[in-house]
Amino acid sequence: ASTLGAAAARSGRYFGTAISASKLGDSQYTTIANREFNMVTAENEMKIDATEPNRGQFTFTNADRIYNWAVQNGKRVRGHTLAWHQQQPGWMQSLSGSSLRQAMIDHINGVMSHYKGKIYAWDVVNEAFDDSNGGRRDSNLQRTGNDWIEVAFRTARAADPDAKLCYNDYNTDNWTWAKTQGVYNMVKDFKQRGVPIDCVGFQSHFNSGSPYNSNYRTTLSSFAALGVDVQITELDIQGASAQTYANVVNDCLAVPRCNGITVWGVRDSDSWRSGDTPLLFDGNGNKKAAYTSVLDALNAA
Ligand code: G3I
C-alpha cells in the first residue's frame, strides 16, 4: 500500500494524526492529512477549556470542524480528552471537593452526549500519574478522592456505551519505570473489579530525556494481557530517527491488541515541539526518511 493508513489497514490497524482546526484552511496540510491518515485526534479542540469555557455552557465549534472534516473524508475520530489536570478553564481550576467532582461528571456527560455513537475511542482520563514515584499525580482532581478515575470511567460508559474508553499517559512506555508499573496496577485493578476500561493510550513522546527503549514491546504486550487494547496515541520522536520509528511500528505490529498508531501532527512545522523535527513530513510537506521506514514496516506485516 502507498499510504500510511492503507498500509496499517493491511493488518486491521489504523494510522492517525493530530489535527488542528486552525490549519484546516492550509491545503498542503489537508492534502497530506487526508491522503495518509485514517484516524484523527483533535490536538486541542475537544479539551475541557475548549468545550466548556463557562460552566454548563458547551461549545463545539472548533471540535466539530475537525470532527466533520474527518468524517466527511472517511476517517474515524479519537476523542481527547475528558478529565485532565491541564487545560482546565478558569472556573474549573477554582473548584474543589464535591463541586469539582460534579463538574467533572457533568463535563464528561456534556461532551460525550454531543458525540454519542460517533467517537471510536475516548481518552477519558489523561496523565493522572506522578512522573517518578509510581503513585497518582497531585492535582485538584486527585484531591477530590482517589476514586475520581473510576468515577470518570463509569460516567463515560453510561454516557456512550459504544465508545472505547482509554486511559492515556506519557512516560509509560518503559516497562522498568515506576510510572508504567503504577498505571499497569491501576488497569489490573480496574479489570479485576469490573471498572469499565477498554484501552490504554501510550502517548510516546520520545526524546533524549525519555528515549525509546526496546522493552516497549514488553510494555505493550503486558498491558494487552490484562484484557485491554493498546494504542500509540501521540507519537513523535526527537530527530525522527527512521530506525526508531520502525522499531515503534514493529513493536505495535508484534502485539495483536495494539490496534493503531497516531502521530502528534502532520509536518514538523505543525509539531508542539517543532524544534525537535519529530514528525514524518518536513516543514515543506516532503516525506522524510522516517516516513518511508514506517510505511515499509507496515507493508511488511
Ligand atoms: O489558541 C491560542 C491562541 O489563541 C494564542 O494566540 C496562542 C499564543 O500562545 O496560544 C494558543 O493556544 C495554545 C494551543 O496549544 C494552540 O496552539 C496554547 O497556548 C498551548 O498551551 C497549546 O499547547 C498544546 C498543549 O497540549 C497544551 O497542554 C499543544 O498544542 C498540544 O500539542 C499539546 O498536546 C498534549 C496532549 O494534549 C497531551 N499529551 C501531551 C501533548 C503535548 O504536550
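Counting restarts for each chain: residues are numbered from 1 in the order of the written sequence. Only residues with pLDDT of at least 70 get local features here, since the model is predicted, and only at 80 or more are side-chain atom pairs given and counted; chain-wide, interface and lining totals rely on the full set of residues. Only heavy atoms go into the side-chain values, all of them from the structure, while hydrogens and water stay out.

Chemist: Account for helix H10 (residues 242-253), naming residues and giving values.
Modeler: Side chains three or four residues apart in an α-helix point the same way, a direct result of the helix having 3.6 residues per turn. Between its first and last C-alpha, H10 extends 16 Å over twelve residues, near the 16 Å set by a 1.5 Å rise per residue. Buried residues along H10 sit in contact with strand E7 (205-206), helix H9 (216-224), strand E8 (229-237), strand E9 (258-263) and helix H11 (289-300). Of the residues flanking the start of H10, the one acting as N-cap is Ser241, its side-chain oxygen 3.3 Å from the backbone nitrogen of Gln243. For the purposes of this entry, the term helix denotes a DSSP run of H or I that reaches at least four residues, the term strand denotes a run of E that reaches at least two, and both are numbered from the N terminus. Any helix carries an expected span of 1.5 Å times its number of residues minus one. Any two residues whose heavy atoms approach within 4.5 Å are treated as being in contact. In the analysis that follows, any N or O atom pair within 3.5 Å is treated as a polar contact, provided that within protein one partner can donate a hydrogen and the other can accept it, and provided that, for residues neighboring in sequence, both atoms belong to side chains.

Chemist: Go over H9, please, and point to the residues and values.
Modeler: Buried residues of H9: Tyr216, Thr219, Leu220, Ser222, Phe223 and Ala224, and no others. Where H9 is buried, its residues touch helix H8 (178-193), strand E6 (199-202), E7, E8 and H10. Only protein chains enter the accessibility calculation, which uses a 1.4 Å probe. A residue is then buried if its area is under 20% of the maximum for its type, exposed if over 50%, and partly exposed in between.

Chemist: Describe the pattern of salt bridges, listing the residues and the values that go with them.
Modeler: Salt bridge criterion: a side-chain nitrogen from Lys or Arg within 4 Å of a carboxyl oxygen from Asp or Glu. Considering all chains together, one arrives at 20 salt bridges under this definition. Of the charged contacts in the structure, one is a salt bridge between Lys23 and Asp270, with a shortest N-O distance of 3.4 Å. In this pair, Lys23 is assigned in the loop between strand E1 (14-19) and helix H2 (27-36) and Asp270 in the loop between E9 and H11, connecting sequence segments 247 residues apart. Close ionic contact of Arg154 with Glu150 constitutes a salt bridge, the shortest N to O distance being 3.6 Å. Note that Arg154 and Glu150 are positioned in helix H7 (residues 148-159) at a spacing of four residues, about one turn of the helix. A relative accessible area of 40% means that Arg154 is categorised as partly exposed. What makes Glu150 buried here is its relative accessible area of 15%. Residues participating in the shared-partner salt-bridge network are Lys23, Asp26, Arg267 and Asp270.

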